[in-house]
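Single-letter residue listing:
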Amino acid sequence: MNYKYASENRDLARIDKLNKLTNKETFWNDVRKLTKKVTSDYAIHRWQHLAEIRWMELLEQENN
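None of the values given here were measured: they were computed from a predicted structure.

Asker: Help me out: how do you make sense of the side chain of Glu8 in this one?
Answerer: Examined against the element boundaries, Glu8 turns out to sit in the segment before α1 (9-19). At 3.2 Å, the side chain of Glu8 forms a polar contact with the side chain of Arg14.

Here's what the structure looks like:
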């Protein structure tokens, strides 16, 4: 995932962390671990949005 999906500076770090996740079988559990201490609704929403984009990328890589 590139940085075009970032809408704020904090998204850059989120994208970097999500890009390190490559195992589809543990992807959502790994995302839960990354967001374990996140309490802001807005931050959770941003994580979810970016994680869904990354998930779609992983699915596309599998199909190619």
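That shown, we press on.
Asker: Quick question: what am I supposed to make of α1 here?
Answerer: What sets the pattern is the α-helix's 3.6 residues per turn: residues three or four places apart point alike. For α1, the full list of buried residues reads Asp11, Arg14, Ile15 and Leu18. Around the axis of α1, the buried residues are gathered within 100° of arc, so they sit on the same side. Here the buried face of α1 lies against α2 (27-34) and α3 (41-63).

Asker: In this structure, what is going on with the pattern of salt bridges? I would like to understand it.
Answerer: Close approach of charged atoms allows side chains of opposite charge to pair. Taken as a whole and judged by the stated rule, the model has six salt bridges. Residue Arg46 is joined to Asp11 by a salt bridge in which the shortest nitrogen-to-oxygen separation is 2.6 Å. Taken together, the residues span a long stretch of sequence, with Arg46 in helix α3 and Asp11 in helix α1 at a distance of 35 residues. Across the pair, exposure class does not vary: Arg46 and Asp11 are buried alike. Ionic pairing is found between Glu62 and Lys24, a salt bridge with its closest N-O pair at 1.9 Å. A residue pair is termed long-range when its members are at least 10 positions apart, and Glu62 in helix α3 and Lys24 in the loop between α1 and α2 qualify at 38 residues. Each member of the salt-bridge network shares a partner with another, and the members are Glu8, Arg10, Asp11, Arg14 and Arg46.

Asker: Can you walk me through the confidence of the model for the chain in this structure?
Answerer: It should be kept in mind that the predicted coordinates are not to be read in detail where pLDDT is low. The pLDDT averaged across the chain works out to 96; a share of 100% of its residues lies at or above 70. For the chain, per-element mean pLDDT is lowest for α3, which scores 96, and highest for α2, which scores 98.

Thresholds applied
Residues numbered from 1 in each chain as written. Predicted model: local features only at pLDDT ≥ 70, side-chain atom pairs only at ≥ 80, totals over all residues. Heavy atoms only, no water. Helix = DSSP H or I, 4+ residues; strand = E, 2+ residues; numbered from the N terminus. Polar contact = N/O pair within 3.5 Å; in protein donor to acceptor, adjacent residues only side chain to side chain. Buried < 20%, exposed > 50% of the residue type's maximum accessible area, 1.4 Å probe, protein only. Arc of directions from axis to C-beta. Contact = heavy atoms within 4.5 Å. Salt bridge = Lys/Arg side-chain N within 4 Å of Asp/Glu carboxyl O. pLDDT = per-residue confidence, 0-100.

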